[in-house]
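The chain contents come next:
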Amino acid sequence: MDLRIGWLYGQEMNIYGDRGNVMALVRRAEWRGIDVQAATVGLGEPLDPDAWDLLFWGGGQDREQIAVSHDMQGDKGAALKQAIKDGMPVLAVCGGYQLLGRYYRPFDGDDLPGIGALDVVSEAGHERFIGNVVVDTDDLGTLVGFENHSGKTFLGEGVRPLGSVRIGRGNNGQDGFEGARYRNTIGCYLHGALLPKNPTLADWLIERALERRHGPASLAALDDTFERQAHDGVIERAIALRR
């Protein structure tokens with residue numbers, strides 16, 4: 001059994017430890033004897049959804065995000081949107097999350113278009129949200145991460161939130177939600193990197209990817225002692241800082 005991981009804009013959108021998400025996916029698959037291939041899809045390169053089982057898209061600075069937004073218009077963005085609709089597992093963080101949506105609205109200038117795969121809109125905010133985040137989900141347990149964003153994202157009727165914010169500010173600091181889910185795609189603001197500290201989410205993505213191409217998949221259990229220590233440590237620090 002093999003797994004093909006595509007890293008969208010790995011050179012252009014890779015901040016706050018986002019690279020660690022790809023590393024975690026690769027290692028957790030390899031530890032189970034799965035043959036893994038991982039490569040980037042960058043500016044000007046075509047996106048063939050049939051070449052990948054799982055996609056990751058990280059965050060970036062404004063200049064890079066503008067260039068990526070332009071690159072995603074047309075056939076490339078349409079291919080990704082259709083793949084998401086067809087059930088391809090995708091994890092998008094921060095800037096990638098925003099560009100999966102309808103648009104990002106800056107303070108000045110025209111809206112930065114997304115691809116409309118997620119029914120969300122984002123806009124520039126006056127306050128920057130920085131700090132540890134603890135999110136309670138319905139089926140993925142408690143997720144932890146680190147947020148660092150001033151953009152505010154609002155969910156439409158076509159998506160559901162990833163979870164409810166226990167500690168932190170989340171999508172917009174107003175509605176108490178973090179992230180968005182649609183089919184097998186997850187968008188969120190959780191940097192840090194997210195997956196090394198949240199093995200349940202990493203394995204959920206791997207399972208969905210394997211099922212989509214190979215049929216029903218069941219992952220062998222791993223010793224997640226260190227991952228759980230990192231996860232629980234974030235919660236402990238977040239609680240301590242809130243006091």
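The rules we used
- Residues numbered from 1 in each chain as written.
- Predicted model: local features only at pLDDT ≥ 70, side-chain atom pairs only at ≥ 80, totals over all residues.
- Heavy atoms only, no water.
- Core = buried A, V, L, I, M, F, W, Y, C linked by side-chain atoms within 4.5 Å.
- Buried < 20%, exposed > 50% of the residue type's maximum accessible area, 1.4 Å probe, protein only.
- Helix = DSSP H or I, 4+ residues; strand = E, 2+ residues; numbered from the N terminus.
- Contact = heavy atoms within 4.5 Å.
- Polar contact = N/O pair within 3.5 Å; in protein donor to acceptor, adjacent residues only side chain to side chain.
- Axes fitted to C-alpha atoms, helices over the stretch in contact; angles between N-to-C directions.
- Parallel < 35°, antiparallel > 145°, perpendicular 65-115°, else oblique.
- Nonpolar A, V, L, I, M, F, W, Y, C, P; charged D, E, K, R; others polar.
- Pairing = 2+ DSSP bridges.

Which parts of the structure should I look at to understand the nonpolar core?
Generally speaking, nonpolar side chains in soluble globular proteins are found buried as a group. Ranked by size, the top nonpolar core spans 63 residues in total, and within it L8, W57, L80, L91, L100, L195 and L201 carry the most contacts. In terms of residue count, the dominant contributor to this core is helix 5 (residues 199-214) (seven residues). Once residues within four sequence positions are removed from consideration, L100 is found in contact with W57, L80, I84, V90, A92, I115, G116, A117, L118 and T185. Judged by nonpolar contacts, the second largest core, of six residues, contains V134, V234, I235 and A238.

Quick question: what am I supposed to make of unusual backbone geometry here?
It is generally the case that most residues other than glycine have a negative phi and that most peptide bonds are trans. Omega for the bond connecting G192 with A193 falls within 30 degrees of zero, at -5°, which places this linkage in the cis form. With respect to the helices and strands, A193 occurs in the loop between strand 12 (185-188) and helix 5. Even without a glycine there, the phi angle at Y16 is positive, about 55°. Position of Y16 relative to the elements: it lies in the loop between strand 1 (2-8) and helix 1 (19-30).

Help me understand the environment of A38, please; the structure alone is not making it clear to me.
Relative to the helices and strands, A38 is located in strand 2 (residues 35-41). With 122 residues separating them along the chain, A38 and R160 place their C-alpha atoms 29 Å apart. A38 has contacts with I5, V22 and V26, leaving out every residue within four places of it along the chain.

Explain the environment of T225 to me, please; I cannot follow it from the model alone.
Residue position: T225 is located in helix 6 (residues 225-242). Within the structure, T225 has its side chain in polar contact with the side chain of D223 (distance 2.6 Å).

What should I look at first to understand the side chain of Q65 in this one?
By the element assignment, Q65 lies in helix 2 (residues 62-71). Sequence-distant contacts of Q65, defined by excluding residues within four places in its chain, comprise M13, G60, G95, Q98, L99 and L112.

Would you explain the packing of helix 1 against helix 5 in this entry?
Helix packing geometry: the angle between the two helix axes and the distance between the axes. Close contact between helix 1 and helix 5 brings their axes to 10 Å; oriented N to C, the two are set at 75°. Between helix 1 and helix 5, the angle is such that the two are roughly perpendicular. Each of L25, R28 and A29 in helix 1 lies in contact with helix 5, whose residues at this interface are P199, A202, D203, L205 and I206. Classifying every residue of the contact of helix 1 with helix 5 by side-chain character gives six nonpolar, no polar and two charged.

Could you clarify how one ought to interpret the sheet that holds strand 4 (residues 90-93) in this entry?
Strands in a sheet are paired, the pairing made by backbone hydrogen bonds, and the direction either parallel or antiparallel. If you trace the six strands from one edge of the open sheet to the other, you get 2-1-3-4-12-11, paired in mixed fashion. Edge positions in the sheet fall to strand 2 and strand 11 (180-182), since each has one partner strand and no second. Neighbour-to-neighbour, the strand axes of the sheet open up by a mean angle of 15°, direction not taken into account. Pairing of strand 1 with strand 2 involves seven bridges; the strand directions are parallel. Within the sheet, the bridge partner assigned to W7 lies in strand 2 and is T40. Across the sheet, helix 5 is in contact with strand 1, strand 3 (54-57), strand 4, strand 11 and strand 12; its angle to strand 1 comes to roughly 115°.

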